[in-house]
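Observations on chain architecture
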Amino acid sequence: MIREDIRNIAIIAHVDHGKTTLVDAMLRQSHIFRENQKVVERVMDSNPLERERGITILAKNTSVMHNGVKINIVDTPGHADFGGEVERILNMVDGVLLLVDSHEGPMPQTKYVLRKALEHKLKPIVVINKIDRPDERISEVEGEILDLFVELDADDDQLDFPLVYASARDGIAKLNMKDEGKDLEPLFKTIMESCPPPEGEPDEPLQIMVTTLESDDYLGKVAIGRITRGTVKKGMKVAITDGEKTRNDFVGQLFNWQGMKRTPIEEAKIGDIIAIAGFKNITIGETVSDAEHVEALPTIKIDEPTLSMVFRVNKSPFAGREGDYVTSRHIRARLMKEIETNVALKVEDTDTADAFLVSGRGELHLSVLIEVMRREGYELEVSKPQVIYKEIDGKRCEPLERLTIEVPQEFMGAVMEGLGPRRAEMISMEELAGYIRMEFSIPARGLLGFRNELLTTTRGTGILYHVFQGYSPYKGDIPERTRGSLVAFEAGTTTAYGLNSILERGTLFIDPGVEVYEGMIIGENSRENDMDVNPCKKKHLTNTRASGSDEAIRLPPCRQYTLEGALEWIADDELVEVTPKSVRMRKQVISRQLRYKNAKKK
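It should be emphasised that the depicted structure is a prediction, and the values quoted were computed from it without experimental measurement.

Time to look at the UniProt feature "binding site: GTP" (unreviewed entry) in the protein. Per the UniProt record, the feature "binding site: GTP" (unreviewed entry) sits at Asp16, His17, Gly18, Lys19, Thr20, Thr21, Asn129, Lys130, Ile131 and Asp132. With respect to the helices and strands, Asp16 occurs in the loop between strand E1 (6-13) and helix H1 (19-29). Counting through the fold element by element, Ile131 comes out in the loop between strand E5 (123-129) and helix H5 (138-151).

Structure, rendered in structure tokens:
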């Protein structure tokens, strides 16, 4: 049986090429929203963190109706760190819309997501987006896309991809650049003709692969997946299996998507993307099957983590002041809840009860988790990220990243000079309208701390992308941070007078009036060693000193660090303290005397 009344398609692309904006336009032109309904931009990025950062972190489902046919659309993340989300979603669809920017062309993540789609034997539709850009280079981009398909060994059917030109922001699409674009009808028509409809037998035993889990305050755990065989009904008895262990359960409630809303239904057939509530226990990758004919689908293969860091209970002098959840029991329970839905994450116990080794796909992957936890009221401290080494054929191997950098021409030499000691090897270089795009192969270690260095070197104009490339034998030592820390040696509140006396020693991270403790990092030393300083020093009043003379001190703006910036900056003997209100950096050993003793022993 072929279901002509349904299409399942995922939107994949490099970060910021317009996936979520295109889904917005498709929803609006399908009259999903009421005429008087107020709709925010990027309606699919519902998570507050996604809206702030302007990126998609979690894959999301929606659907539109077009001429009586339901098109299920899945919006996927563009960052390589969230590749686990992309890999799961590709199990639910029959085709992909590959978006490519009309100026940038195929980028590292375009290659990554396209390779995954071709491995799943999905039918691609290529959309060249942002055709209204004044610096578009559409004809060159078309050639680059074809070269990418050939490079990734696409079969003849996949190489014969339809091409659509679009401006997602303006809500127009056309099949030929000479056509006049009015709406997205040419895109809808291409999806109907080129995306294969689901095929299978509705009367055969049921099979559903669980690809996503959601948590609902009223329904509990909600399993989302696609029916690959058979029919599911509300209340029916099913078996849940991972291929080894099997348990029976009942379908509580059944939902599908009508636009942005989850809508209750009584039954669903092959090809439908559905949500099921009521299971006592279920995990991603398990198969929901007929209770009488238990048969597991192949499990979802997820790339292994490449970076790890230690999450521990906050033990700083300010511990417990700002957070609601501060114990190891709270942190452990939260991490265990996270790995149920975040399949690319790995959590392991360490030899101490108050520390956990958390491994992920990259710095962004882990920092987003930390940011979400702090917003939920958790307080913790985390160590410097470390790459995960592997033993391959008796050799110690490390993860490599494919790094792409775009910088104005005048900074090219400085950037290459900075990458040299980081063991980067240049792969290619091309010129794009005043910018130089360079590609490198670099150890994942070499990227730690490089983002800040790039922004400083290029005065904020450099753009950096990277994607996992594979493992390679250890490339040799990479120099650590070349400058030490300025460390407060007593507790108190910082003063302008105290900070002013430290200014000539290095760069400050904090302003006057900030509470500090012994061992807290308040700046970067201009030399390579750490220096203990007193930022709380006050000016003693005498007969010849006026009390208001401090007002004359004008301090330059301090260097503010985001969570990611702090994780990149710290050294091996330092930690980042994360609370709902603050991000602080400190020494692992708080006591000044103890640090001196340890240094002498070394």
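Sheet architecture is open: four strands sit in the order E30-E32-E28-E33, paired in mixed fashion. The open sheet has two edge strands, strand E30 (506-508) and strand E33 (531-533), and neither has a second partner. When the angles between neighbouring strand axes are averaged without regard to direction, this sheet yields 35°. As defined by bridge partners, E30 adjoins strand E32 (residues 521-525) across three bridges and the pair is classed as antiparallel. Its bridge partner lying in E32, Gly506 is registered against Asn525.

Here we come to the pairing of strand E25 (residues 425-432). By the bridge criterion, seven bridges tie E25 to strand E26 (residues 435-443) in an arrangement that is antiparallel. Opposite Met429, over in E26, you have Met438 as the bridge partner. With antiparallel pairing between neighbouring strands as the criterion, E25 and E26 make up a hairpin whose turn holds two residues, including Ala433 at a positive phi of roughly 40°.

What the domain assignment lists for the protein is domain 1 (6-194), domain 2 (207-290), domain 3 (390-473) and domain 4 (485-543 + 551-577 + 585-600). Taken together, the contact between domain 1 and domain 3 spans 13 residues of the former and nine residues of the latter. Counting each side, the surface lost to burial between domain 1 and domain 3 is near 900 Å², with a carbon and sulfur contribution of 60%. If you sort the residues of domain 1 by the area they bury against domain 3, Glu104, Met107 and Pro108 come out on top, with a joint share of 44%. For the pair domain 1 and domain 3, the number of links is zero salt bridges. Counting across the domain 1 and domain 3 interface gives one residue pair in polar contact (both at pLDDT 80 or more). Considering every element that reaches the side of domain 1 that touches domain 3, the biggest residue donor is helix H4 (residues 108-119), with four residues. When grouped by side-chain class, the residues that make up the side of domain 1 that touches domain 3 number six nonpolar, two polar and five charged.

With that out of the way, let us pick up the sheet that holds strand E17 (residues 287-290). Backbone-to-backbone hydrogen bonds join strands into a sheet, with any given pair of strands oriented parallel or antiparallel. The eight strands lie next to each other as E12-E11-E17-E8-E9-E16-E13-E14, forming an open sheet whose pairing is antiparallel. The two strands at the open ends of the sheet, each matched to only one other strand, are strand E12 (246-250) and strand E14 (261-265). Geometrically, the sheet is characterised by an average inter-axis angle of 40° between neighbouring strands, direction not taken into account. In the sheet, strand E8 (residues 207-216) pairs with E17 via three bridges, with the strands oriented antiparallel. Paired with Met209 across the bridge in E17 is Thr287.

The final tally for this structure, using the stated rule, is 38 salt bridges. A salt bridge links Arg586 to Glu381; the nearest nitrogen and oxygen atoms lie 2.7 Å apart. Of the two residues, Arg586 sits in strand E35 (residues 583-587) while Glu381 sits in strand E21 (residues 380-383), which places them 205 residues apart along the sequence. The exposure classification of Arg586 matches that of Glu381, with both residues buried. Linked through salt bridges whose partners overlap, the residues forming this network are Asp101, Lys130, Arg133 and Asp135.

Conventions and cut-offs
- Residues numbered from 1 in each chain as written.
- Predicted model: local features only at pLDDT ≥ 70, side-chain atom pairs only at ≥ 80, totals over all residues.
- Heavy atoms only, no water.
- UniProt positions renumbered as here; feature names shortened; annotations may be inferred.
- Helix = DSSP H or I, 4+ residues; strand = E, 2+ residues; numbered from the N terminus.
- Pairing = 2+ DSSP bridges.
- Axes fitted to C-alpha atoms, helices over the stretch in contact; angles between N-to-C directions.
- Domains from an automatic or database assignment.
- Contact = heavy atoms within 4.5 Å.
- Buried area = accessible area lost by both parts, 1.4 Å probe.
- Salt bridge = Lys/Arg side-chain N within 4 Å of Asp/Glu carboxyl O.
- Polar contact = N/O pair within 3.5 Å; in protein donor to acceptor, adjacent residues only side chain to side chain.
- Nonpolar A, V, L, I, M, F, W, Y, C, P; charged D, E, K, R; others polar.
- Buried < 20%, exposed > 50% of the residue type's maximum accessible area, 1.4 Å probe, protein only.

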